[in-house]
Amino acid sequence: MEQSSGKLAASAIARMDEQLPWYRAMPPENRSWIGLVAQAGIAAFTEWFRHPETPQAISTDVFGTAPRELTRAITLRQTVEMVRTTIEVVEAEIDEVAAPGDESVLREALLVYAREIAFATAQVYAQAAEARGAWDARLESLVVNAVLSGEADEGAVSRAAALGWNSPEHVAVVLGTAPDGDSELTVEAIRRAARHAKLQVLTGVLGNRLVVIAGGSDDPLRSAKSLIGPFAPGPVVAGPVVGDLLSATRSAQAAAAGLRASAAWPDAPRPVLADDLLPERAMAGDPAARDLLVEEIYRPLEEAGSALLETLSVYLEQASSLEGAARMLFVHPNTVRYRLRRVTDVTGWSPSDVRSAFTLRIALILGRLADFESQP
């Protein structure tokens, strides 16, 4: 076997070149490393056959000759084909290599050794996969933390791209409480749910919060519903949709503010949009929510004419009574009804809905305060 090892390795390489297209397409450097692996495998078999009772570190003897990067250049399937080809070459040459009468002994030894090589191959790729998985988890945690802390930059985008994030047009952040137990299991459950919903996700457990950056849907509530399974009981808040990962900080900040303020609305749906929590967020001190309520509700009503602001204010003060508001304004109830429809058209919030009326009332208060503070 020792005398024939070089010839057997050369025959194995020749057969790979003949039968394996992926081997022929590889760079010369990688082909040379594969040749060394094949030669090391035959040499390790010889040593193992000489001392079968001695424990042998086959993965080190065989695969340790090649650099670690080779496991990334060659897939597990390709490695199995390489090992199978080498074993077949050695098996075909047994009659030539073995001493007379020892052919069956050598053939049986080769079968046992092939099993050991299979286990060693699986171990090498499992270790590589675990190392890559641990590295990817750290990389993903850095991206998620950067988005949540408002420090997302081009570096975070590059890290996300390395994780397979292909820059979807619609991105939203979903926040909630992380369940007890292994955080890796939680993250994997989120990924399974994302695959089922055809969403891209970057996710992680930060403290007691489960953070999911979801891409691929322009409906954040639908995304949150698709991913809600792994979250622990309690509020789950979806931030608004933004255009890219760099802008996801805005969605994350809105979701975080909504999660903090969700205790003020115990009957909120689950999941709930961060924008549906604008009143609670504003009262909890979120300046972004205050600005949104003023800019998206109060200012449009102000620009639409004083009649809408006055009618809405009186209507809310009169406990949402059309007749009471009409008496206070000295107009017909149909006029009040028409103006309230205009309020809905302008703001998107209906005064006749209890929750919307609450939001409109807070917007009016904040708008008046803003006008007062702007006065010289």
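Residues numbered from 1 in each chain as written. Predicted model: local features only at pLDDT ≥ 70, side-chain atom pairs only at ≥ 80, totals over all residues. Heavy atoms only, no water.

**Student:** Can you walk me through the overall build of the chain in this structure?
**Tutor:** If you tally the helices and strands in the chain, you get 18 helices and five strands. Against the compact-globule benchmark of 21 Å for 376 residues, the chain has a radius of gyration of 34 Å, which places it well outside the compact range. The principal-axis extents of the C-alpha atoms in the chain amount to approximately 120 × 40 × 35 Å. Counting only residues that meet the buried cut, the chain has 44% of its 376 residues in that class. Across the chain, contacts joining residues at least 24 apart in sequence account for 67% of those joining residues at least 6 apart. On the chain, roughly 19,600 Å² of surface is accessible, and the fraction owed to carbon and sulfur atoms is 52%. (Helix = DSSP H or I, 4+ residues; strand = E, 2+ residues; numbered from the N terminus. Rg over C-alpha atoms; globule rule 2.2 N^0.38 Å. Buried < 20%, exposed > 50% of the residue type's maximum accessible area, 1.4 Å probe, protein only. Contact = heavy atoms within 4.5 Å. Areas by Shrake-Rupley, 256 points an atom, 1.4 Å probe, with all protein chains shown as cover.)

**Student:** Would you explain the environment of Gly155 in this entry?
**Tutor:** Among the structural elements, Gly155 can be located in helix H9 (residues 154–162). Residue Gly155 is classed as partly exposed on the basis of its relative accessible area of 29%. Spatially, the C-alpha atom of Gly155 lies 34 Å from that of Trp22, the residues being 133 residues apart in sequence.

**Student:** Got a minute to help me understand the pattern of salt bridges in this structure?
**Tutor:** Two side chains of opposite charge can pair, provided their charged atoms sit close to one another. Inspection of every chain in the model, using the stated rule, returns ten salt bridges. A salt bridge links Glu188 to Arg195; the nearest nitrogen and oxygen atoms lie 3.5 Å apart. Connected through shared salt-bridge partners, Glu140, Glu188, Arg191 and Arg195 make up one network. (Salt bridge = Lys/Arg side-chain N within 4 Å of Asp/Glu carboxyl O.)

**Student:** Got a minute to help me understand the UniProt feature "domain: PucR C-terminal helix-turn-helix" (unreviewed entry) in the chain in this structure?
**Tutor:** Taking the numbering used here, the UniProt-annotated feature "domain: PucR C-terminal helix-turn-helix" (unreviewed entry) corresponds to residues 308–365. Split by type, residues 308–365 is 78% helix and 0% strand. Its first and last C-alpha atoms lie 15 Å apart. (UniProt positions renumbered as here; feature names shortened; annotations may be inferred.)

**Student:** I tried to follow the nonpolar core on my own but got confused; where do I start?
**Tutor:** When a protein is soluble and globular, its nonpolar side chains tend to lie buried together. One finds Met16, Trp22, Ile34, Phe45 and Met82 to be the most contacted residues of the largest nonpolar core, which totals 29 residues. Those elements giving two or more residues to this core turn out to be helix H1 (5–19), helix H2 (21–24), helix H3 (28–50), helix H6 (76–92) and helix H8 (103–149). With 28 residues, the next largest nonpolar core counts Leu278, Tyr315, Ala326 and Val336 among its residues. (Core = buried A, V, L, I, M, F, W, Y, C linked by side-chain atoms within 4.5 Å.)

**Student:** How should the sheet that holds strand S3 (residues 209–215) be read in this particular structure?
**Tutor:** Paired through their backbone hydrogen bonds, the strands of a sheet run either parallel or antiparallel. One open sheet holds the five strands; their spatial order is S2-S3-S1-S4-S5, and the pairing between them is mixed. Each of the sheet's edge strands pairs with one partner strand only, and the pair in question is strand S2 (200–206) and strand S5 (272–273). Bridging between strand S1 (residues 171–177) and strand S4 (residues 237–238) involves two bridges; their strand directions are antiparallel. Within the sheet, the bridge partner assigned to Val174 lies in S4 and is Ala238. (Pairing = 2+ DSSP bridges.)

**Student:** Explain unusual backbone geometry here, please?
**Tutor:** With the exception of glycine, most residues fall at negative phi, and the peptide bonds are largely trans. Looking along the chain, the bond that leaves Arg270 and enters Pro271 is cis, with omega of 0 degrees. With respect to the helices, strands and loops of the structure, Pro271 is situated in the loop between helix H12 (248–261) and S5. For Ser167, which is not a glycine, the phi torsion comes out positive at approximately 55 degrees. Relative accessible area serves as the criterion here: at 53%, Ser167 is assigned to the exposed category.

**Student:** Even after reading the chapter, I still don't get the packing of helix H14 (residues 287–304) against helix H18 (residues 354–374), so can you show me in this structure?
**Tutor:** The N-to-C vectors of H14 and H18 enclose an angle of 90 degrees; their axes lie 8 Å apart at closest approach. Classified by the angle their axes make, H14 and H18 are roughly perpendicular. On H18, the residues that touch Arg290, Leu293, Val294, Ile297, Tyr298, Arg299 and Glu302 of H14 are Thr359, Leu360, Ile362, Ala363, Leu364, Leu366, Gly367, Arg368, Ala370 and Asp371. A per-class count over the contact of H14 with H18 returns ten nonpolar, two polar and five charged. (Axes fitted to C-alpha atoms, helices over the stretch in contact; angles between N-to-C directions. Parallel < 35°, antiparallel > 145°, perpendicular 65-115°, else oblique. Nonpolar A, V, L, I, M, F, W, Y, C, P; charged D, E, K, R; others polar.)

**Student:** What is the right way to read the UniProt feature "domain: CdaR GGDEF-like" (unreviewed entry) in the chain from this model?
**Tutor:** Under the present numbering, the feature "domain: CdaR GGDEF-like" (unreviewed entry) in UniProt falls on residues 149–261. Strand forms 20% of residues 149–261 and helix 42%; the C-alpha atoms that close the span are 18 Å apart.

**Student:** Could you clarify how one ought to interpret the packing of aromatic side chains in this entry?
**Tutor:** Note on aromatic pairs: each is described by the distance of the centres and the angle between the planes. Applying the stated rule across the entire model yields one aromatic pair. Ring geometry for Trp22 against Tyr23: centres 6.3 Å apart, planes inclined by 85 degrees, an arrangement best described as edge-to-face. Exposure class is identical for Trp22 and Tyr23. Each is buried. Above the face of the Trp265 ring, Arg355 is positioned so that its terminal group lies 3.5 Å from the ring centre. (Phe/Tyr/Trp six-rings, centres within 6.5 Å; stacked < 30°, edge-to-face > 60°. Lys NZ or Arg CZ within 6 Å of the ring centre and 35° of its normal.)

**Student:** Even after reading the chapter, I still don't get the pairing of S3, so can you show me in this structure?
**Tutor:** Moving residue by residue along a regular strand, the side chains alternate between the two faces of the sheet. In terms of burial, S3 is largely enclosed, as six of its seven residues are buried. As judged from the seven bridges shared by S1 and S3, these two strands associate in the antiparallel manner. Bridging across to S3, Val173 finds its partner in Ile213. Bridge analysis of S2 against S3 gives seven bridges, and the strand direction is antiparallel. Following the sheet pairing, Val201 is matched in S3 by Ala214. Where S2 folds back onto S3 in an antiparallel hairpin, the turn is made up of two residues, including Gly207, whose phi is positive at roughly 65 degrees.

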